[in-house]
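Letter by letter, the chains look like this.
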Amino acid sequence: MSRIAGRFAELKAAGRKALIPYVTAGDPLASSTVPILHGLVEAGSDILEIGVPFSDPMADGPAIQRSSERALKNGIGLADVLGLVAQFRKQDADTPIVLMGYANPIEAMGIERFVAAARAAGVDGVIVVDYPPEECAPFSELCGKAGIDCIFLLAPTSTDARIREVARAGTGYLYYVSLKGVTGVKSADVADIAAHLPRLRAASKLPIGVGFGIKDAESARAIAQIADAVIIGSRIVQEIEMAGPEHAVARVKALVQPIRRALDS
């Protein structure tokens, strides 16, 4: 059983929902990332999504775009991200880690080299936004052999055929993008999400994580009533941006702790 599957099994047995925060590696500084990740775990996070900085993050709104720009200015590339994961693993061998990013850096490294390096660093899953499942079979197969889950995105506009394809190819969990458009701009519509999730559950037994538009404890609690995991990205990235390097860990923990309490209440 993978770390991701094991974590969801533990949570289900305890009657709890997963909290999955997202941060961009190298933001605000390279030296900030690992302390922020440990802080997120201390605050009650179950799985960590780590963004790989990219110059043209098409699915990301202004906050995450700015975080990528800051990280790139800090010289952070894919190899550096893997190094940060390996550094995190020296103190935490249990928390699942998912890398989220785009195909170009992976293909520049070479998919075989990337998968081997990701496994060695301690990566548990990957979300490659611009790798549709029907076009990345070699990558998915390599990941599967390495014990790395391939997680795909679904959206309100996803057809039944696309849902079936993702259900066939995906492992780990399904990432449901709750909004049309980019991250961090609108708020999630719980009623609309609730209307769409039955199609996903009919197609797959994988846990469903909902992201985009979840900004506080109240919206997180509402999403947790209908999904298996709550994914929060832009709001955390905004907090890091406002806090700066010296206060980022404390501010992120202060943001996430009440969300964790809300999910468990």
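If you're wondering where the values come from, they're calculated on a predicted model, not measured in any experiment.

Enquirer: What am I meant to see in unusual backbone geometry here?
Expert: If a residue is not glycine, its phi is most likely negative; likewise, a peptide bond is most likely trans. Residue Pro28 is reached from Asp27 by a cis peptide bond, and omega for that bond is 5 degrees. Along the chain, Pro28 falls in the loop between strand S1 (18-24) and helix H2 (30-42). One non-glycine residue, Phe212, lies in the positive phi region at around 80 degrees. Here Phe212 lies in the loop between strand S8 (208-211) and helix H10 (217-224).

Enquirer: Sorry if this is basic, but what is going on with the layout of surface pockets here?
Expert: The method is simple in principle: a probe with the dimensions of a water molecule rolls over the atoms, and the space it marks as empty is what remains. Roughly 380 Å³ of internal volume is contained in the largest pocket. Around the largest pocket, the lining is made up of 21 residues, and of these Val129, Leu153, Leu154, Arg162 and Val177 lie nearest the centre. When its residues are assigned to classes, the lining of the largest pocket shows 15 nonpolar, three polar and three charged. Of the voids in this model, the second largest pocket is the one considered here, and its volume is about 270 Å³. For the second largest pocket, the lining is made up of 13 residues, of which Phe8, Lys12, Lys205, Pro207 and Asp228 are closest to its centre. For the lining of the second largest pocket, the element with the most residues is helix H1 (residues 3-14), which contributes four residues. Its residues placed into classes, the lining of the second largest pocket shows five nonpolar, two polar and six charged.

Enquirer: Teacher, can you tell me more about the nonpolar core here?
Expert: What tends to happen in soluble globular proteins is that the nonpolar side chains get buried as a cluster. Grouped together as the largest cluster of nonpolar side chains are 67 residues, with contacts concentrated most on Leu99, Phe114, Val126, Phe139, Val210 and Ile236. Ignoring sequence-local partners within four residues, the contact set of Val210 consists of Tyr176, Ser178, Ile193, Leu197, Ile223, Ala227, Ala229, Val230 and Ile231. Grouped together as the second largest cluster of nonpolar side chains are 21 residues, Tyr22, Ile47, Ile151 and Leu179 included.

Enquirer: What am I meant to see in the sheet that holds strand S4 (residues 125-128) here?
Expert: Two strands in a sheet stick together by hydrogen bonds in their backbones, pointing the same way (parallel) or opposite ways (antiparallel). Spatially, S5-S4-S3-S2-S1-S9-S8-S7-S6 is the arrangement adopted by the nine strands of the open sheet, whose pairing is parallel. Bordering the open sheet on either side are strand S5 (149-150) and strand S6 (153-154), each of which pairs with just one other strand. Bridge count for S1 against strand S9 (residues 229-232) is four bridges, and the pairing is parallel. In the sheet register, Leu19 faces S9, and the bridge partner there is Val230.

Enquirer: Would you explain helix H4 (residues 78-89) in this entry?
Expert: The α-helix advances 3.6 residues per turn, and as a result positions three or four apart in sequence lie on the same side. The terminal C-alpha atoms of H4, which comprises twelve residues, lie 17 Å apart, in line with the 16 Å expected from a rise of 1.5 Å per residue. For H4, every residue scored as buried is listed here: Leu78, Val81, Leu82, Leu84, Val85, Phe88 and Arg89. Each buried residue of H4 sits inside an arc of 155 degrees when the element is viewed along its axis, so together they form one side. Buried residues along H4 sit in contact with H1, H2, strand S2 (48-51), strand S3 (97-101), helix H5 (103-109) and helix H6 (111-121).

Enquirer: Would you mind showing me how to read the packing of H4 against H6 here?
Expert: Two measures define how a pair of helices packs: the angle their axes make with one another and the distance between the axes. H6 packs onto H4 with a crossing angle of 20 degrees between their chain directions and a minimal axis gap of 8 Å. It follows that H4 is roughly parallel to H6 by the angle criterion. Contacts between H4 and H6 involve Leu78, Leu82, Val85, Ala86 and Arg89 from the first element and Phe114, Ala117, Ala118 and Ala121 from the second. Among the residues forming the contact of H4 with H6, the class breakdown is eight nonpolar, no polar and one charged.

Calculation rules
Residues numbered from 1 in each chain as written. Predicted model: local features only at pLDDT ≥ 70, side-chain atom pairs only at ≥ 80, totals over all residues. Heavy atoms only, no water. Helix = DSSP H or I, 4+ residues; strand = E, 2+ residues; numbered from the N terminus. 1 Å grid on protein atoms, 1.4 Å probe; cavity = no way out; pocket = protein on both sides within 12 Å on 5 of 7 lines; lining within 4 Å. Points joined across faces, edges and corners; volume = space filled by probe spheres on them. Nonpolar A, V, L, I, M, F, W, Y, C, P; charged D, E, K, R; others polar. Core = buried A, V, L, I, M, F, W, Y, C linked by side-chain atoms within 4.5 Å. Buried < 20%, exposed > 50% of the residue type's maximum accessible area, 1.4 Å probe, protein only. Contact = heavy atoms within 4.5 Å. Pairing = 2+ DSSP bridges. Expected span 1.5 Å × (residues − 1). Arc of directions from axis to C-beta. Axes fitted to C-alpha atoms, helices over the stretch in contact; angles between N-to-C directions. Parallel < 35°, antiparallel > 145°, perpendicular 65-115°, else oblique.

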